[in-house]
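A structural walkthrough
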Amino acid sequence: MTFRLAELAERAGGRLAGDGDRRISGVRALEDAGPDELSLLTAPRYREAARVSRAGALLVVPRLERLAGPGGELAGRDLVVVDEPALALARLLPLFYPEERPRAGIHPTAVVGEGCEIDPSAHLGPYAVIGDGTRVEAGVVVEAHVAIGRRCRIGRGSRLHPHAVLYDETELGAEVEIHSGAVVGADGFGYAFGSGDPVKVPQVGRAVLEDGVEVGANTAIDRGSLGETRVGAACKIDNLVQVGHNTRIGRGSLLAGMVGVAGSTVIGERVMMGGNAGSSGHLEIGDGAQVGARGTAMRDVPAGARVAGTPAVELAAWRRQVAALHRLDASLAAIRRRLSALEGRSGPDAAADRGEDGDDGEHRDD
Amino acid sequence: MTFRLAELAERAGGRLAGDGDRRISGVRALEDAGPDELSLLTAPRYREAARVSRAGALLVVPRLERLAGPGGELAGRDLVVVDEPALALARLLPLFYPEERPRAGIHPTAVVGEGCEIDPSAHLGPYAVIGDGTRVEAGVVVEAHVAIGRRCRIGRGSRLHPHAVLYDETELGAEVEIHSGAVVGADGFGYAFGSGDPVKVPQVGRAVLEDGVEVGANTAIDRGSLGETRVGAACKIDNLVQVGHNTRIGRGSLLAGMVGVAGSTVIGERVMMGGNAGSSGHLEIGDGAQVGARGTAMRDVPAGARVAGTPAVELAAWRRQVAALHRLDASLAAIRRRLSALEGRSGPDAAADRGEDGDDGEHRDD
Amino acid sequence: MTFRLAELAERAGGRLAGDGDRRISGVRALEDAGPDELSLLTAPRYREAARVSRAGALLVVPRLERLAGPGGELAGRDLVVVDEPALALARLLPLFYPEERPRAGIHPTAVVGEGCEIDPSAHLGPYAVIGDGTRVEAGVVVEAHVAIGRRCRIGRGSRLHPHAVLYDETELGAEVEIHSGAVVGADGFGYAFGSGDPVKVPQVGRAVLEDGVEVGANTAIDRGSLGETRVGAACKIDNLVQVGHNTRIGRGSLLAGMVGVAGSTVIGERVMMGGNAGSSGHLEIGDGAQVGARGTAMRDVPAGARVAGTPAVELAAWRRQVAALHRLDASLAAIRRRLSALEGRSGPDAAADRGEDGDDGEHRDD
């Protein structure tokens, strides 16, 4: 199946610059694409790779279109110029790589509990295990080895990849995707401390993932301790993320890989947490806030704020901290030289003063 | 099933303040509880939520009881005043939410190896797989898809949630709970480095979890390289934690989510490691020590010490570091102003001196 | 089965110091070994444990051989002196602990898709599920509950532990080992952002692990977004590691536990990343570079460089930063004392100047 480049440009919401009749049969990375395939260049870092690529056509962002000028790395290329290359890919890739969705039906090895409702259009793969009283709605795909507890609801069109696990009472909205090894609804970390060993506080709430949530491989989202842990619609959660009990996340927020959210934190809408960012418990992170990679929110983060560092501070302040720390030795040395110069001009008293100063001695030991 | 509030107060070890005859049918979060349910208020942060809650009665800590005074958020509420609300919950919740424990018996799809001893009171769920020579004691629950290796021992009353995995020779004491996706006894990270590729050092030890240990979802506890990795009785380990080979942890210690303990570290009793805290290998962390969230012990931590930061220092010192770093730019600027003032009074020599000082120039570039 | 100590010394590539005729039946940790067993001492930290050990013989490094002198902790011991004890163990342990490899054959409960090629010497364990069109080569071991997608290739001699998961199109070279709960080839974290909710960019590439790669428990290695994620031959990856889409790692690199590598980063050969080290996306980390535990590469790292900290800087610079930060309060206090002394000599103007300086006031509030 092939498409005219002009048609792809239109579907991508982009502008054609080149031969619209070129036939395209796929989309591949720069180093893999051939003459009948489309690739993309979105950062100057990869311009040389684009130059030597055998790709028949390229998606580019407007600021890189200048490379198509005489002598540029893209000279002579057929281009599709798009403002948002990721959005263009999201539109084009399904043309060439339609989702392989298994057929409706229940594999003979699937174990379905009592009182379950399984929509006939759903797919239950080999060795799937569904607990009593669970409802699986239309078009759901439950792949091999998925274990779903009792009294769960799996909303229309959701997909659970092999080895996903849902504990009892977990609720998934429509079009939720859970990747392999993710565990939703396990007990939170709740213990009481008396004089002896820690005493477990039963975790009797549940976990709810609203419509369109995606959960990455080996991520853990705990059930509420008494109430709910709730992940808002369209949230995207990457691999190996920890979401503690009673956390609430608003619509469309993103948690990158290895993010850790301690319990009872309220995260707003369209919040972005970078790789291995974290949050203490019982905080509020406002709508649209961003916590940079490796940053740790230890206080509330206002809506729209961008923070970084541990403990997290406003992004610009963190950058100043980092810069100041990098040159700290040099800064202090310069200050000391100026002090010494002043003290030298001031006579013997200054030298006596320095003699009492343990700091300089420590510094020289370094 | 309902209980009189006076009875609940007594079972919780608390003091009744209000109508002891009120009937209570459950315990729920402030926003979910109804007039016949108990909820709790343990932090001032949630006092407004308590005020508008429909809960029939509240567990409160003594310092918040004053809110029950005239005009307070809790005015007119029936209260149970408890010193340790978590302990109260640990006592009360099982009344309303008894554990659902599957019936004794071996599911027909469970695969049991040769020479195993499975106590007749144990439950083996669908698709559980048990290796040769493993012993499963009384009252154990092995849920769906659990894979247990050869020559393991699963102590009395332990519970393994779906998809827990134990490698060969793993030993669990009594009343151990392993959550879904946790892997106990996998190979540690041990390689030899010669001139060529890394060479694997076989990991021939084992992992032992003593009585009452709880292990969170997707946590990994490696076997010993030669000897044991041992987690002491009543230790509680959260989700996505890494415990390296040969680690030994004393009784009643807590490792919060995403903690990482490198190999051969000896952790004492009642140690607390906060979220994503870590430890280098071959250290000793003394009894009762605490490593703050995100902190990294890179040296031994004395018993009872509280440390934080990376590398971890004493908690108060870390707080001073953080504070000093936050105002570092301002501190240095103030010092430079004072220097300039002094130099200005000292004539042209001072200006010449500043000209040699690369630090100030760098600072202006910021 | 026992061996003469002299033979073990020869096989270990070491030098015998003591009774070569001593019979050895195993290798165990210092605290567990008995008189017919070999143990090892590689760090002075454990010299007292060595002294009281019942081990019949010890592997030691040359610099500790002096402890065998009169009155030393190893006096009278039979020793094997080796330069590389890990390499010695790698050679000796298989003598005593041969790998238990399950027999060839397909368990009757294994589900094999259409068009698969399963070599007759391979083992497929109970409840293994293999997708259509996958090839399993000679000597492969696929343990219980492993789920392998469609059109995968599992190279000769590879071993997949229980509950390993491979998504469609994943390719494993020869002698690859995947531990339990690891997920290879899941979707990367790719979304487009328009005015509304995040839009998923289909992840249509694949993951390739070359010969001799080992992957730890619960690690996640994403497929490429368009092209490949590729882990070079002989790379060793520990537990709970995240490898983002399009990452490429060169031969023989090591990623310790909880390392996180964001997408599209190119990691060279023999790179070492310490525990919970990380890397931003789209970087290059050169051959032989080392990123210290908890360090975060936020810029390219040159070949051979050793970096640490967040953001990572050269190791020596990081150590200076840490040291400077630890004494920062003291350093600034000493500088301020010198300033005050100078200002005091300069008369009333200096005092006025200090009055304008908000920094000192802030400092006193600390």
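About the criteria used
- Here, residues in each chain are numbered from 1, in the same order as that chain's written sequence.
- Whichever chain is written first is A, and whichever ligand is written first is 1; the rest continue in order.
- Side-chain atom pairs in this predicted model are given and counted only at pLDDT of 80 or more, local residue features only at pLDDT of at least 70, and totals for whole chains, interfaces and linings cover all residues.
- Working from all heavy atoms in the structure, the side-chain values ignore hydrogens and water.
- Helix numbering and strand numbering both begin at the N terminus, where a helix is a DSSP run of H or I of at least 4 residues and a strand a DSSP run of E of at least 2.
- The quantity called the radius of gyration is restricted to C-alpha atoms. Its globule counterpart is 2.2 Å times the number of residues to the power 0.38.
- Each residue is placed in one exposure class: buried if its accessible area under a 1.4 Å probe, protein chains only, is under 20% of its type's maximum, exposed if it is over 50%, and partly exposed if it falls in between.
- Whether two residues are in contact is decided by their heavy atoms, any of which lying within 4.5 Å being enough.
- The pairing criterion for strands is at least two bridges between them, as found by DSSP.
- Least squares is the method used to superpose the copies, on C-alpha atoms of residues holding a pLDDT of at least 70 in both.
- For Phe, Tyr and Trp, where Trp contributes only its six-membered ring, two rings pair if their centres lie within 6.5 Å, and the inter-plane angle classes them as stacked under 30 degrees, edge-to-face over 60, or tilted in between.
- The convention used is that axes are lines fitted to C-alpha atoms, helices contributing only their stretch in contact, and that angles between N-to-C directions extend from 0 to 180 degrees.
- Small angles under 35 degrees read as roughly parallel and large ones over 145 as roughly antiparallel, with 65 to 115 read as roughly perpendicular and the rest as oblique.
- By convention, the crossing between two helices is left-handed when the near helix turns anticlockwise from the far helix through less than a right angle, and right-handed when the turn is clockwise.
- Simply put, the buried area is the total loss of 1.4 Å probe accessible area from both parts when two parts are fitted together.
- Only one rule defines a salt bridge in this text: a Lys or Arg side-chain nitrogen within 4 Å of an Asp or Glu carboxyl oxygen.
- Each polar contact in these results corresponds to two N or O atoms within 3.5 Å; when the atoms are within protein, one needs to be able to donate a hydrogen and the other to accept it, and residues that are neighboring in sequence are counted only if both atoms are side-chain atoms.
- Any residue outside Ala, Val, Leu, Ile, Met, Phe, Trp, Tyr, Cys, Pro, Asp, Glu, Lys and Arg is labelled polar, Gly included; the first ten of those are nonpolar and the last four are charged.
- A pair of cysteine sulfur atoms is labelled a disulfide when the two atoms are within 2.5 Å.
- Residue-level confidence of the predictor, termed pLDDT, takes values from 0 up to 100.
- The span you would expect from a helix comes to 1.5 Å times its residue count less one.

Along the backbone of chain A there are seven helices and 40 strands. Against the 2.2 N^0.38 benchmark of 21 Å for 366 residues, chain A shows a C-alpha radius of gyration of 28 Å, more extended than a compact globule. Per-residue burial for chain A yields a buried fraction of 58% across its 366 residues. Across chain A, contacts joining residues at least 24 apart in sequence account for 19% of those joining residues at least 6 apart.

On to the environment of Val259(A). Positionally, Val259(A) belongs in the loop between strand 31 (254–255) and strand 32 (260–261). Classification of Val259(A) as buried rests on a relative accessible area of 0%. Along the backbone, Val259(A) and Ala122(A) are 137 residues apart, and their C-alpha atoms lie at a distance of 32 Å. In this view, Val259(A) contacts Leu240(A), Val241(A), Gln242(A), Met273(A), Gly274(A), Asn276(A), Ala277(A) and Met258(B); residues no more than four positions away in its chain are not counted.

Before going further, it helps to spend a moment on the sheet that holds strand 8 (residues 105–106) of chain B. Spatially, the 12 strands line up as an open sheet ordered 8-11-14-17-20-25-28-31-34-37-39-40 (chain B), and their pairing is mixed. Looking at the sheet topology across the chains shown, the edges are occupied by strand 8 and strand 40 (313–314) of chain B.

What follows is about the pairing of strand 21 (residues 183–186) of chain C. Residue and element names in this part refer to chain C. As defined by bridge partners, strand 18 (residues 165–166) adjoins strand 21 across two bridges and the pair is classed as parallel. Each residue of the ladder has a partner; that of Val-165, found in strand 21, is Val-183. Pairing of strand 21 with strand 26 (residues 220–222) involves three bridges; the strand directions are parallel. In the strand pairing of strand 26, Val-184 is matched with Ile-221.

Looking now at the relation of the copies chain C and chain A. Two chain copies, one operation linking them: a rotation about an axis together with a shift along it. The transformation that overlays chain C on chain A combines an axial shift of 0.0 Å with a rotation of 120°, and the residual RMSD is 0.1 Å. Such a turn and shift between the copies fits a three-fold axis. Here only 18% of the contact residues of chain C are again contact residues in chain A; the copies associate through non-equivalent surfaces.

Turning to the relation of the copies chain A and chain B, a few remarks are in order. Under the fitted operation, chain A is carried onto chain B by 0.0 Å of movement along the axis and a turn of 120°, and the coordinates agree to an RMSD of 0.1 Å. Interface overlap between copies: only 18% of the residues of chain A at the interface are likewise at the interface in chain B, consistent with a contact formed by different surfaces.

This part takes up the packing of aromatic side chains. Evaluated as defined, the whole model comprises nine aromatic pairs over all chains. Each ring, one from Tyr127(A) and one from Tyr127(B), has its centre 4.7 Å from the other, and the planes form 75°; the classification is edge-to-face. Here Tyr127(A) is found in the loop between strand 11 (123–124) and strand 12 (129–130), whereas its partner Tyr127(B) is found in the loop between strand 11 (123–124) and strand 12 (129–130) on a different chain. Both residues of the pair, Tyr127(A) and Tyr127(B), count as buried.

Residue Pro311(A) follows Thr310(A) across a cis peptide bond; omega there is -5°. Along the chain, Pro311(A) turns up in the loop between strand 39 (306–308) and strand 40 (313–314). With a phi close to 55°, Asn276(A) is a non-glycine residue in the positive phi region. Looking at the element boundaries, Asn276(A) is found in the loop between strand 34 (272–273) and strand 35 (278–279). At Glu175(B), a residue that is not glycine, the phi angle is positive and equals roughly 60°. Among the secondary structure elements, Glu175(B) is positioned in the loop between strand 19 (171–172) and strand 20 (177–178).

What follows covers the packing of helix 5 (residues 328–345) of chain A against helix 5 (residues 328–345) of chain C. Two elements in contact, helix 5 of chain A and helix 5 of chain C, have axes separated by 11 Å at closest approach and are oriented at 20°. It follows from the interaxial angle that helix 5 of chain A and helix 5 of chain C lie roughly parallel. Considering only the axes of helix 5 of chain A and helix 5 of chain C, their crossing is left-handed. On helix 5 of chain C, the residues touching Leu328(A), Leu332(A), Ile335(A), Arg336(A), Leu339(A), Ser340(A), Leu342(A) and Glu343(A) of helix 5 of chain A are Leu328(C), Ser331(C), Leu332(C), Ile335(C), Arg338(C), Leu339(C) and Leu342(C).

Below, the discussion takes up the interface of chain A and chain B. At the interface, 78 residues of chain A touch 73 residues of chain B. Taken together, both faces of the contact between chain A and chain B bury some 5800 Å²; the carbon and sulfur share is 59%. Contact with chain B buries surface across chain A, with Phe189(A), Leu226(A) and Arg338(A) losing the most and accounting together for 14% of the total. Here chain A and chain B share eight salt bridges between them. Here Glu100(B) ties to Arg150(A) by a salt bridge, and the two come within 3.5 Å at their closest N and O atoms. Linking chain A with chain B are 24 residue pairs in polar contact (both at pLDDT 80 or more), by the criterion used here. Contributions of two or more residues to the side of chain A that touches chain B are made by strand 21 (183–186), strand 22 (191–192), strand 23 (199–200), strand 26 (220–222), helix 4 (315–326) and helix 5 of chain A. Among the residues making up the side of chain A that touches chain B, the classes are represented as 41 nonpolar, 21 polar and 16 charged.

For the structure shown, the criterion picks out zero disulfides over all chains. Looking at the unpaired Cys235(C), the closest cysteine sulfur is the one in Cys152(C), lying at 20 Å.

This next bit is on the confidence of the model for chain A. Residue and element names in this part refer to chain A. On average, residues of chain A score 93 in pLDDT, and 94% of them reach the 70 mark or higher. Between residues 347–366, whose pLDDT stays under 50, and residues either more than four places distant or in other chains, the model counts 26 contacts. On the interface metric, ipTM, the complex scores 0.93, and its pTM is 0.94.

Before going further, it helps to spend a moment on the sheet that holds strand 36 (residues 284–285) of chain A. Residue and element names in this part refer to chain A. What the nine strands build is an open sheet, ordered 10-13-16-19-24-27-30-33-36; its pairing is parallel. Where the open sheet ends on each side, the last strands, each with one partner, are strand 10 (117–118) and strand 36. Here four bridges tie strand 24 (residues 206–209) to strand 27 (residues 228–231), and the two strands are oriented parallel to one another. Of the residues in strand 27, the one forming a bridge with Arg-206 is Glu-228.

The next thing to look at is the side chain of Arg159(B). Its place among the elements puts Arg159(B) in strand 17 (residues 159–160). For Arg159(B), a relative accessible area of 7% puts it in the buried group. Only 3.3 Å separates the side chain of Arg159(B) from the backbone oxygen of Glu100(B), close enough to count as a polar contact. In contact with Arg159(B), not counting residues within four places along its chain, are Arg150(A), Glu99(B), Glu100(B), Arg101(B), Pro102(B), Val141(B), Glu143(B), Val176(B), Glu177(B) and Ile178(B).

Turning to the interface of chain C and chain A, a few remarks are in order. Taken residue by residue, the interface counts 78 residues in chain C and 73 residues in chain A. Each partner contributes to the roughly 5800 Å² buried at the junction of chain C and chain A, and carbon and sulfur atoms together form 59% of this total. Contact with chain A buries surface across chain C, with Phe189(C), Leu226(C) and Arg338(C) losing the most and accounting together for 14% of the total. The interface formed by chain C and chain A contains eight salt bridges. Taking the shortest distance from any N to any O, the salt bridge between Arg151(C) and Glu100(A) comes out at 2.5 Å. At the boundary of chain C with chain A, the tally comes to 24 residue pairs in polar contact (both at pLDDT 80 or more). Where the side of chain C that touches chain A is concerned, the elements lending two or more residues are strand 21, strand 22 (191–192), strand 23 (199–200), strand 26, helix 4 (315–326) and helix 5 of chain C.

Time to look at helix 3 (residues 85–96) of chain A. For helix 3 of chain A, built from 12 residues, the straight-helix expectation of 16 Å at 1.5 Å per residue is met to within 8% by its first-to-last C-alpha distance of 16 Å. Residues of helix 3 of chain A that are buried: Pro85(A), Leu87(A), Ala88(A), Leu89(A), Ala90(A), Leu92(A), Leu93(A) and Phe96(A).

This brings us to the side chain of Arg159(C). A distance of 2.7 Å separates a polar atom in the side chain of Arg159(C) from a polar atom in the side chain of Glu99(C). Reaching out from Arg159(C), the side chain makes a polar contact with the side chain of Glu143(C) at a distance of 3.0 Å.

All right, on to the pattern of salt bridges then. Counted according to the given criterion, the structure contains 90 salt bridges over all chains. Ionic pairing is found between Asp329(A) and Arg327(C), a salt bridge with its closest N-O pair at 3.9 Å. On the criterion of chain membership, the pair formed by Asp329(A) in helix 5 and Arg327(C) in the loop between helix 4 and helix 5 is interchain, its members lying in two chains. Looking at Arg327(C), the relative accessible area reads 7%, which means it is buried.

Looking at where Gly286(A) falls in the secondary structure, it is placed in the loop between strand 36 and strand 37 (290–291). Setting aside its immediate chain neighbours within four residues, Gly286(A) contacts Gly268(A), Val271(A), Val301(A), Pro302(A) and Ala303(A).

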